[in-house]
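Residue-level listing of the chains:
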Amino acid sequence: MSTIEQDIPLKSIELKSDYVEVEGAILLELLEGVSSHSGKDKTMPTINAVHIESEGGLFKAKATDRYRLIEGTLLSVDGRLEPSLISLEDIKRTITLCKAHKDNRVQLSRIGNALTVSSLGDAITFTLLGGTYPPTEELLAKSEGDPVAIEGVAFNPALMADYAKIAGKGAAIKVYFTGVGKPMRVRITGDKITWRALLMPMRYVD
């Protein structure tokens, strides 16, 4: 099977202070959807994670397990946040906090390599991962071209279950083919989140 994997050199994190505020319910939906695509192998910490950042009023989160890639973007209420890599374990802790504060705003504040997530007095602080995330933007940009006609493509059908959860009950998703052996672009329509997703094809022998 083809993969979305890059060599990941370690990189130090500069001491900076960043802050962003997001609606709790939408942040919960975003992190639950994106984290479903994180790698589960803890020996590969940079993809056993979720990458987040916020700039210009847009909060983005993305994840990949090498076989698929997803990015979600929503409007932030206030602030900015430098690119930050959060372990899947700490993302799960963040999701738990968001579930308790779906009707409130959630603040994310970063100082150096420490990120604090808080809402109405509840707070968790954890250490960010010190790696460089794979350069996924180029893959996503290339997939935005016109779809092409192909005779057939093979993919892992089990992975479609996550797309169904993200799209919501009864909602459809649309798959665009970009070429033989190339990632398929998966279109998921959200009310408040803009999704971009890729799924790598599998080898198949008739």
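This text follows the structure it describes.
Draft legend 1. Quick look at the overall build of the chain. What the chain contains, in helices and strands, is four helices and 11 strands. Taking 206 residues into account, the globule formula puts the C-alpha radius of gyration at 17 Å, and the chain, at 17 Å, falls close to it. Principal-axis analysis of the C-alpha atoms gives the chain an extent of 55 × 40 × 30 Å. The burial tally for the chain puts 47% of its 206 residues in the buried class. A fraction of 70% describes how many contacts in the chain between residues 6 or more apart in sequence connect residues 24 or more apart. Accessible surface, the chain as shown: approximately 11100 Å² in total, 52% of it carbon and sulfur. The averaged location of the 27 negative side-chain charges in the chain is 3 Å from the averaged location of its 25 positive side-chain charges.

Draft legend 2. Just the nonpolar core, in detail. Core analysis: the largest hydrophobic core is formed by 43 residues, its most contacted members being L27, L30, I52, F59, L108 and L115. A total of six residues in this core trace back to one element, the largest contributor, which is helix 1 (residues 24-35). The contacts of L115, once residues within four sequence positions are left out, are I52, L81, I86, L108, S109, R110, I124, T125, F126 and L128.

Draft legend 3. How the structure looks around the pattern of salt bridges. Scanning the entire structure with this criterion turns up 12 salt bridges. Residue R80 is joined to E55 by a salt bridge in which the shortest nitrogen-to-oxygen separation is 3.0 Å. Placement of the pair is R80 in strand 5 (residues 78-87) and E55 in strand 2 (residues 49-55), with a sequence separation of 25 residues. Each of D18, E55, R80 and E82 takes part in salt bridges that share partners, so that together they form one network.

Draft legend 4. Focus on the pairing of strand 4 (residues 68-75). With seven of eight residues buried, strand 4 lies mostly within the body of the structure. Pairing analysis gives seven bridges linking strand 3 (residues 58-64) to strand 4, with the strands arranged antiparallel. Along strand 4, the bridge assignment pairs A63 with I70. In sequence, strand 3 turns back onto strand 4 through a hairpin of three residues, with R66 there showing a positive phi of about 85°.

Draft legend 5. Quick look at helix 1. Counted at 1.5 Å a residue, the expected span for helix 1 with its 12 residues is 16 Å, and the 16 Å between its end C-alpha atoms agrees. Taking burial as the measure, the 12 residues of helix 1 include nine buried ones, the bulk of the element. Residues of helix 1 that are buried include every one of G24, I26, L27, L28, L30, L31, G33, V34 and S35, and no others.

Draft legend 6. Fine view of the environment of K182. Structurally, K182 can be placed in the loop between strand 9 (174-177) and strand 10 (184-187). For K182, a relative accessible area of 49% translates into the label partly exposed. Through-space distance from the C-alpha of K182 to that of T43 is 27 Å; in sequence the pair is 139 residues apart.

Draft legend 7. View of the environment of H101. Structurally, the position occupied by H101 is in the loop between helix 2 (88-100) and strand 6 (105-111). A relative accessible area of 6% means that H101 is categorised as buried. Linking H101 and E23, residues 78 residues apart in sequence, is a C-alpha distance of 9.0 Å. When neighbours within four sequence positions are excluded, H101 is seen to be in contact with G24, V106, S119, L120 and D122. Within the structure, the side chain of H101 is placed 3.1 Å from the side chain of N104, a separation counted as a polar contact.

Draft legend 8. Up close: helix 4 (residues 160-167). Within the sequence span of helix 4, burial applies to M160, D162, Y163, I166 and A167. The arc enclosing the buried residues of helix 4, seen along the axis, measures out at 155°, which places them on a common side. Check the buried side of helix 4 and you find it contacts helix 1, strand 4, strand 9, strand 10 and strand 11 (194-199). Among the residues trailing helix 4, G168 stands out with phi positive, at a value near 105°.

Conventions we followed
Residues numbered from 1 in each chain as written. Predicted model: local features only at pLDDT ≥ 70, side-chain atom pairs only at ≥ 80, totals over all residues. Heavy atoms only, no water. Helix = DSSP H or I, 4+ residues; strand = E, 2+ residues; numbered from the N terminus. Rg over C-alpha atoms; globule rule 2.2 N^0.38 Å. Buried < 20%, exposed > 50% of the residue type's maximum accessible area, 1.4 Å probe, protein only. Contact = heavy atoms within 4.5 Å. Areas by Shrake-Rupley, 256 points an atom, 1.4 Å probe, with all protein chains shown as cover. Lys, Arg positive; Asp, Glu negative; His and termini not counted. Charge placed at Lys NZ, Arg CZ, Asp CG, Glu CD. Core = buried A, V, L, I, M, F, W, Y, C linked by side-chain atoms within 4.5 Å. Salt bridge = Lys/Arg side-chain N within 4 Å of Asp/Glu carboxyl O. Pairing = 2+ DSSP bridges. Expected span 1.5 Å × (residues − 1). Polar contact = N/O pair within 3.5 Å; in protein donor to acceptor, adjacent residues only side chain to side chain. Arc of directions from axis to C-beta.

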